[in-house]
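The residues making up each chain are set out below.
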Amino acid sequence: MEGDPDQYPGISKIVGLLKVLAEAGGGGDLYQLGVDLHLELGEELQLVRAAESLGFVQTPGGDITLTDLGRDILKKDINGRKKLIRERILTLPVFQAVLEWLSKEEDKSLPAEKIRKRLRETFPQEDPEGQFQILVNWGRYAELFGYRADREDLYVDQGD
Amino acid sequence: MVSMDKSPFLRLLDVDRVFSDQGRMNPAIRGLSLDVSEGEFVSLVGPSGCGKSTLLRILQGLIAPTSGKVLYRDVLQTGVNPDMGMVFQGFALYPWLNVWENVSLGLVARGVDPGSIRRKVAFYIDKVGLEGYEEAYPRELSGGMKQRVGLARALCIEPAILLMDEPFSNLDALTTLTLRDEVLMLWKDPEMSVRTIVMVTHIIEEAILMSDRVVVLARRPTHVVEEIRVDLPRPRDRRDPEFDRLSDRIFSLIS
Ligand SMILES: Nc1ncnc2c1ncn2[C@@H]1O[C@H](COP(=O)(O)OP(=O)(O)OP(=O)(O)O)[C@@H](O)[C@H]1O
Ligand SMILES: [Mg+2]
C-alpha cells in the first residue's frame, strides 16, 4: 500500500482525542475543539467520525461527548485497548463485509484491487481509498487482517 | 523503587566534551555532573543546540567525554553500555525492512540465537501494541506506529536503562498524548527490564507530566543549571496548579 498513511484516522490519534475530551471534563464544543487542537475542519470531522463509529464519542448538535466506552478505554493498558478496539471494529459493517468476502476464498485472501472494487459497489457513499486504508490499518491493529504490500493482497489474520 | 545503595546507579562526573570543527575547538559540554538513580525517570531540558543529544551519546558510550567520567553501577564506562536502549526522534527505521525485521536488528547485531530472537521480538512487538503489523513496512505506518517500532527495538535488547531523544517531537499532538501514556505504562510494567529512563525533550509540559526529576541544562557549553523534583501524583493532570508553578519555574530557568 502506498500513499500518506496519515490520510486515515490512526488509532493512536483517536485515543489521543479521547484523552483530550476526558481532560476537558468529558466533552465540549466541536468547533472549539478543532480550534484548540489546531486541526483543520476536514481532519477533525474525519477523526470525530471515526471515534463515533467505534462508539467512543457522541456528537449531539454541535457538541462532542465521551461515551462510557470512551472513558473505559483510557483506563486500559496497551493490550486492553487493543482488545476493546478489536471488539468495536468487529461491529463495523465494512469490516464485517470484508471478513465475509475473505472467508469465502479458499486461501482467505483477495487482491487489493478486488476489495476496492467491491467496496465501491457495496458502500458507494464512502471514499473507497479511505475505506481501504482503514481496513488495512485498523485491521492490522485489531489483528483481523494482514496485508502483503509486495503482493497487494489482504488476508484474514489467523494468528501464529 | 529508588535504589537504597549509597552509590548512584548512573553517574556523570565533571564531564567535558569538545568537538573540533575545522581546526577550531568547539566546547559542547563543560563541567557537567549528574546522578541518575535506579528506577528514576529523568528528563533533560535545555535550549536548542545546547548539547542534549551529545549528552545522551556520552551516557550510552557512543562518544567519549573529552575529560571527566561516566560511571555505571560504580564501574568506569569505557565503551558502549550494552544495558541501554535508545529511542530516536526520527524513528531511525530501515525503510526496506519490515516491522519484525526492524525490531530484531539489535538482537541480530548482538549475535543472539535465532530462537531467542523470535521469542523476544514477538514478546516486545506485543508489549508495545504492534502485534498484527509484523510484515508492514515503515512507509505503511503512521508516525505513532513507527515510534512503537522504535520502542520495541530498544526494549527487545532488554536494557536496564532507556534513553529517549525527543521521542515524540515528530508526532502530531494527539498521537503524542497516547504515546506518552503508553511509555509510562511500559516503564511501570513489571514484565519490562527497563526501570530507568532518561529522556531529552524541549517541551516543559512533557517533562513535568512524565518525569520524577527535570534537569535543566544551560546554553552551550552546557552544564546542569538546576534539578527540579516533580512530586505530583501519577497519573498527572495538566490542570493541577502545582503544574503551572513548576512549568513557570523551569521556563524562567531556560530563558
Ligand atoms: N559530531 C559532531 N561534530 C562537531 N560538532 C558537533 C557534533 N555533534 C554535536 N556537535 C555540536 O555540539 C553542540 C551540541 O549539539 P547537540 O546535537 O548535542 O545539541 P542538542 O541540544 O541535542 O540540539 P537540538 O536542540 O537541536 O536537538 C552543537 O553546537 C553541535 O553543532
Ligand atoms: Mg538533539
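Note: the structure precedes this text.
The paragraphs below set out a description of the structure included in this document. (Residues numbered from 1 in each chain as written. Chains lettered and ligands numbered in written order. Predicted model: local features only at pLDDT ≥ 70, side-chain atom pairs only at ≥ 80, totals over all residues. Heavy atoms only, no water.)

## Considerations on the overall build of chain A
The criterion, for reference: Only DSSP runs of H or I covering at least 4 residues are called helices, and only runs of E covering at least 2 are called strands; the numbering of each starts at the N terminus. Type-normalised accessible area, obtained with a 1.4 Å probe on protein chains alone, sets the label of each residue: buried when under 20%, exposed when over 50%, and partly exposed for intermediate values. By definition, residues are in contact when any of their heavy atoms lie within 4.5 Å. Every accessible area reported is derived by Shrake-Rupley at a probe size of 1.4 Å, with residue values counting cover from the shown protein chains alone. As used throughout, the charge tally considers Lys and Arg to be positive and Asp and Glu to be negative, leaving His and the chain termini uncounted. Where a charge lies is defined by one atom per residue type: Lys uses NZ, Arg uses CZ, Asp uses CG and Glu uses CD.
When helices and strands are counted, chain A shows eight helices and six strands. Structurally, chain A occupies a C-alpha span of about 50 × 30 × 25 Å along its principal axes. A total of 160 residues make up chain A; the buried ones form 51% of that total. Once local pairs closer than 6 in sequence are excluded, the contacts in chain A between residues at least 24 apart make up 59%. Carbon and sulfur atoms provide 48% of the accessible area of chain A, an area that totals close to 7900 Å². If the 21 positive side-chain charges of chain A are averaged to one point and the 30 negative ones to another, these points end up 5 Å apart.

## Focus on the interface of chain B and chain A
Condition: Defined here as a combined quantity, buried area equals the accessible surface (1.4 Å probe) lost by two parts on assembly, summed across both. Whenever a carboxyl oxygen of Asp or Glu lies within 4 Å of a side-chain nitrogen of Lys or Arg, that contact is scored as a salt bridge.
The partner chain A presents 34 residues to the 30 residues of chain B that form the contact. Surface buried jointly by chain B and chain A totals about 2600 Å² across both partners, of which 49% is contributed by carbon and sulfur atoms. Our count for the chain B to chain A interface comes out at five salt bridges. Between Asp181 of chain B and Lys19 of chain A there is a salt bridge, and its shortest N-O distance comes to 3.1 Å.

## Digging into the site of ligand 1
All names here are of chain B. The condition that has to hold: Residues are counted as near a molecule or strand when any one of their heavy atoms sits within 4 Å of it. In protein, a polar contact means a hydrogen-donor-capable atom and an acceptor-capable atom, both N or O and within 3.5 Å, with residues adjacent in sequence counting only if both atoms are side-chain atoms; elsewhere, any N or O pair within 3.5 Å suffices. In this classification, Asp, Glu, Lys and Arg are treated as charged, Ala, Val, Leu, Ile, Met, Phe, Trp, Tyr, Cys and Pro as nonpolar, and every other residue, Gly included, as polar.
Taken together, the neighbourhood of ligand 1 is formed by Phe19, Ala28, Ser48, Gly49, Cys50, Gly51, Lys52, Ser53, Thr54, Glu166 and Arg220. Contact between ligand 1 and Gly51: an oxygen atom at 2.9 Å from a main-chain N or O atom of the residue. Within the side chain of Ser53, a nitrogen or oxygen atom sits 2.8 Å from an oxygen atom of ligand 1. The fraction of the free accessible surface of ligand 1 (630 Å²) that becomes covered by protein chains is 61%. Element by element, the count of residues in the shell around ligand 1 is highest for helix α1 (residues 52-60), at three residues. For the shell around ligand 1, the residue count by class is three nonpolar, five polar and three charged.

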